[in-house]
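Next come the chains, spelled out residue by residue.
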Amino acid sequence: VSRTEDWLDDEALYSSAVQVCPNSAKNHHQLGQIYMNQAADIAMSFDNGGNGAEDISELTAKALRQFEAVQVRLPLQSLAHSAQCDLCIAPARL
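Residues numbered from 1 in each chain as written. Predicted model: local features only at pLDDT ≥ 70, side-chain atom pairs only at ≥ 80, totals over all residues. Heavy atoms only, no water.

**What about the nonpolar core?**
Spelled out, the test is: Side-chain atoms within 4.5 Å link the members of a nonpolar core, which is a set of buried Ala, Val, Leu, Ile, Met, Phe, Trp, Tyr and Cys residues. Between buried and exposed lies partly exposed: a residue is buried under 20% and exposed over 50% of the maximum accessible area for its type, with that area taken using a 1.4 Å probe on protein chains only. Helical segments are the DSSP runs of H or I of at least four residues, strand segments are the runs of E of at least two, and each set is numbered from the N terminus. We call two residues contacting when some pair of their heavy atoms lies within 4.5 Å.
Residues Y14, A17, V18, L31, I34, Y35, A39, I56, L59 and A63 constitute the largest nonpolar core, which totals 10 residues. Elements with a minimum of two residues in this core: α1 (10–20), α2 (25–45) and α3 (53–84). Ranked by residues supplied to this core, first place goes to α2 with four residues. When near neighbours in sequence (up to four residues on either side) are disregarded, Y35 contacts E11, S15, L59, K62, A63 and Q66.

Structure, rendered in structure tokens:
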């Protein structure tokens with residue numbers, strides 16, 4: 001399977017990363033940031049007479065879905081990390 005298209009830009013990369021590794025809080029966070037940055041860019045174009053309220057709304061909703069995914073996955077990743085990490089387990093053993 002060719003993944004060349006996954007490297008076209010950050011959105012493509014992190015969209016693919018979320019598909020490949022859906023439990024990664026980092027990937028969801030990065031994709032959410034990309035959507036928020038895109039919405040901000042469109043908002044800035046309003047100063048230049050641009051039109052894109054629908055796009056901003058859609059991108060913001062997409063970003064919020066990614067950030068919600070982070071809220072769900074981050075505690076789970078922390079628990080899994082703590083259970084496997086000798087540095088996290090060692091203090092509990094003392």
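Additional details are given in the paragraphs that follow.
**Things to note about the side chain of D6**
Residue placement: D6 occurs in the segment before α1. Residue D6 is classed as buried on the basis of its relative accessible area of 17%. Residues within four places of D6 in sequence aside, it is in contact with A12, L13 and S16.

**Things to note about the environment of E54**
Checked against the element boundaries, E54 lands in helix α3. Residue class for E54 comes out exposed when judged on its relative accessible area of 71%. Residues E54 and A39, 15 residues apart in the sequence, show an inter-C-alpha distance of 10.0 Å.

**Here we look at α1**
Stated formally: Pairs of N or O atoms are called polar contacts if they sit within 3.5 Å, as long as, within protein, a hydrogen donor faces a hydrogen acceptor (for residues adjacent in sequence, only side-chain-to-side-chain pairs).
For α1, the full list of buried residues reads Y14, S16, A17 and V18. Where α1 begins, one side-chain oxygen reaches toward the backbone nitrogen of E11, 3.2 Å away; that side chain belongs to D9.

**With respect to the packing of α1 against α2**
Put simply, the rule reads: Note on geometry: axes are C-alpha line fits, over the in-contact stretch for helices, and angles between N-to-C directions span 0 to 180 degrees. Crossings are classed by handedness, with left-handed meaning an anticlockwise turn of the near helix from the far one by less than a right angle and right-handed meaning a clockwise turn. Classification convention: Asp, Glu, Lys, Arg as charged; Ala, Val, Leu, Ile, Met, Phe, Trp, Tyr, Cys, Pro as nonpolar; all other residues, Gly among them, as polar.
Viewed as axis vectors pointing N to C, α1 and α2 meet at an angle of 145°, and their least axial separation amounts to 9 Å. Classified by chirality, the crossing of α2 by α1 is left-handed. Contacts between α1 and α2 pair D10, E11, Y14, S15, A17 and V18 from the former with N27, H28, Q30, L31, I34, Y35 and Q38 from the latter. Here the contact of α1 with α2 is built from residues that sort into six nonpolar, five polar and two charged.

**A word on the confidence of the model for the protein**
Applied cut-off: As a per-residue quantity, pLDDT reports the predictor's confidence and falls between 0 and 100.
Considering every residue of the protein, the mean pLDDT works out to 76; 70% of them sit at 70 or more. The spread of mean pLDDT over the elements of the protein runs between helix α4 (residues 86–93), the lowest at 40, and α1, the highest at 91. Segment residues 85–94 is flagged for pLDDT under 50; beyond a separation of four residues in sequence, or across chains, it makes five contacts in the model.

**Some points on the side chain of S24**
Examined against the element boundaries, S24 turns out to sit in the loop between α1 and α2. Look at S24 and you get buried, because its relative accessible area is 11%. A distance of 3.2 Å separates a polar side-chain atom of S24 from the backbone nitrogen of N27.

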